[in-house]
Amino acid sequence: MNDFVLPPPPIVAAPVAGGGRFPIRRIFCVGQNYAAHSREMGGDPAREPPFFFSKPADTLVTGGADAPYPSATQNLHHEIELVVAIAAGGVNIAASDAEKHVFGYAAGLDLTRRDLQAQARENRRPWDMSKAFDFSAPLGLIHPAVKIGHPKAGRIALKVNGDLRQNGDLSDLIWSVTEVIAALSRYVALAPGDLIFTGTPAGVGPLARGDVLEGEIERVGTVTTKIV
Ligand code: MN
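Bear in mind the structure is a predicted one, so any value in this text is a computation, not a measurement.

Attention now goes to the sheet that holds strand S3 (residues 27-30). Strand order in the open sheet made by the six strands is S4-S3-S14-S7-S8-S11, with mixed pairing throughout. Unpaired on one side and paired on the other, strand S4 (52-55) and strand S11 (143-144) mark the two borders of the sheet. Strands S3, S4, strand S7 (80-86), strand S8 (102-109) and strand S14 (195-197) of the sheet are contacted by helix H5 (residues 177-184), whose axis makes an angle of about 60° with S7.

This is the structure:
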């Protein structure tokens, strides 16, 4: 019996390379997971335990669709990231078992209202409005691990209007993918459909309306969007 008092929201999904759609449950993100980016944000890249924030599933932008410049900011920033798609849930997952929980990988963008994030840090307030706004999570095709394996090294780069802005290597992650899964699964029960954005390399910077973003992660895939 359908006793919803409103039409239920649609299921958010991301296209998978080779066909099919990956249903999205939640989007988790790691903060400052490359030493050079941690330093550019004024942090200390010492190996402190990873910290997490999240975005609602319906912030996802897929298929190379446009991302509107958000309200309430004068400083929208790009962050190119390796994204992990979780196929099997669990709590207290051991890093040595973590790859068994992975469906695949994609390139994604953690769009950020940097001015609101700076205010939030200064005032010790939550990051949500700086990170979890509508259209804040463009994502490329998800490539199944059965096809591409589990990438641990490779170039991660972002061009804006053809100019190289971010250029790093997955091998520079402070916390590896398996360590991130292990750490996050101590805070929440991971579930099928969860995505984890694993952090961005150095070179973050401002965006303007009309900018075309082209991200690429070697042996993983691409993500594209235009800020409108
Ligand atoms: Mn990020």
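Tallied over the full model, the rule gives eight salt bridges. In this structure, Asp-194 engages Arg-26 in a salt bridge whose closest nitrogen and oxygen atoms are separated by 2.7 Å. Residue Asp-194 is located in the loop between H5 and S14, and its partner Arg-26 is located in the loop between strand S2 (21-23) and S3; the two are separated by 168 residues in the primary sequence. Judged by its relative accessible area of 0%, Asp-194 falls in the buried class. Take Arg-26: its relative accessible area is 25%, and that puts it in the partly exposed class. Between Lys-131 and Asp-110 there is a salt bridge; the shortest N-O distance is 2.8 Å. Taken together, the residues span a long stretch of sequence, with Lys-131 in helix H3 (residues 128-131) and Asp-110 in the loop between S8 and strand S9 (112-113) at a distance of 21 residues.

The four strands are arranged S13-S12-S16-S17 in an open sheet whose pairing can be described as antiparallel. Two strands bound the open sheet, and with one partner strand each, they are strand S13 (163-169) and strand S17 (221-226). Each strand axis lies, on average, 10° off the axis of its neighbour in the sheet, ignoring direction. As judged from the six bridges shared by strand S12 (residues 155-160) and S13, these two strands associate in the antiparallel manner. Bridge pairing in S13 places Ala-157 opposite Asn-167.

On to helix H2 (residues 114-122). Every buried residue of H2 is accounted for by Arg-114, Asp-115, Gln-117 and Ala-120. In the core, the buried residues of H2 are packed alongside helix H1 (35-40), strand S6 (76-78), S9 and H3. The first or second residue beyond H2 is Arg-124, which carries a positive phi of 55°.

Another point: the packing of aromatic side chains. Inspection of every chain in the model, using the stated rule, returns four aromatic pairs. Ring geometry for Phe-52 against Tyr-187: centres 6.0 Å apart, planes inclined by 65°, an arrangement best described as edge-to-face. Placement of the pair is Phe-52 in strand S4 and Tyr-187 in the loop between H5 and S14, with a sequence separation of 135 residues. Residue Phe-52 is classed as partly exposed on the basis of its relative accessible area of 21%. Here Tyr-187 falls in the exposed class, since its relative accessible area comes to 61%. Centre to centre, the rings of Phe-53 and Trp-127 are 5.4 Å apart; their planes meet at 55°, and the pair counts as tilted. Of the two residues, Phe-53 is situated in strand S4 and Trp-127 in the loop between H2 and H3; the sequence distance between them amounts to 74 residues. The class for Phe-53 is buried, based on a relative accessible area of 12%. Since its relative accessible area comes to 18%, Trp-127 is described here as buried. Three or more aromatic residues link up through ring pairs in this structure, and these residues are Phe-51, Phe-53 and Trp-127.

So, how was this worked out
Residues numbered from 1 in each chain as written. Predicted model: local features only at pLDDT ≥ 70, side-chain atom pairs only at ≥ 80, totals over all residues. Heavy atoms only, no water. Pairing = 2+ DSSP bridges. Helix = DSSP H or I, 4+ residues; strand = E, 2+ residues; numbered from the N terminus. Contact = heavy atoms within 4.5 Å. Axes fitted to C-alpha atoms, helices over the stretch in contact; angles between N-to-C directions. Salt bridge = Lys/Arg side-chain N within 4 Å of Asp/Glu carboxyl O. Buried < 20%, exposed > 50% of the residue type's maximum accessible area, 1.4 Å probe, protein only. Phe/Tyr/Trp six-rings, centres within 6.5 Å; stacked < 30°, edge-to-face > 60°.

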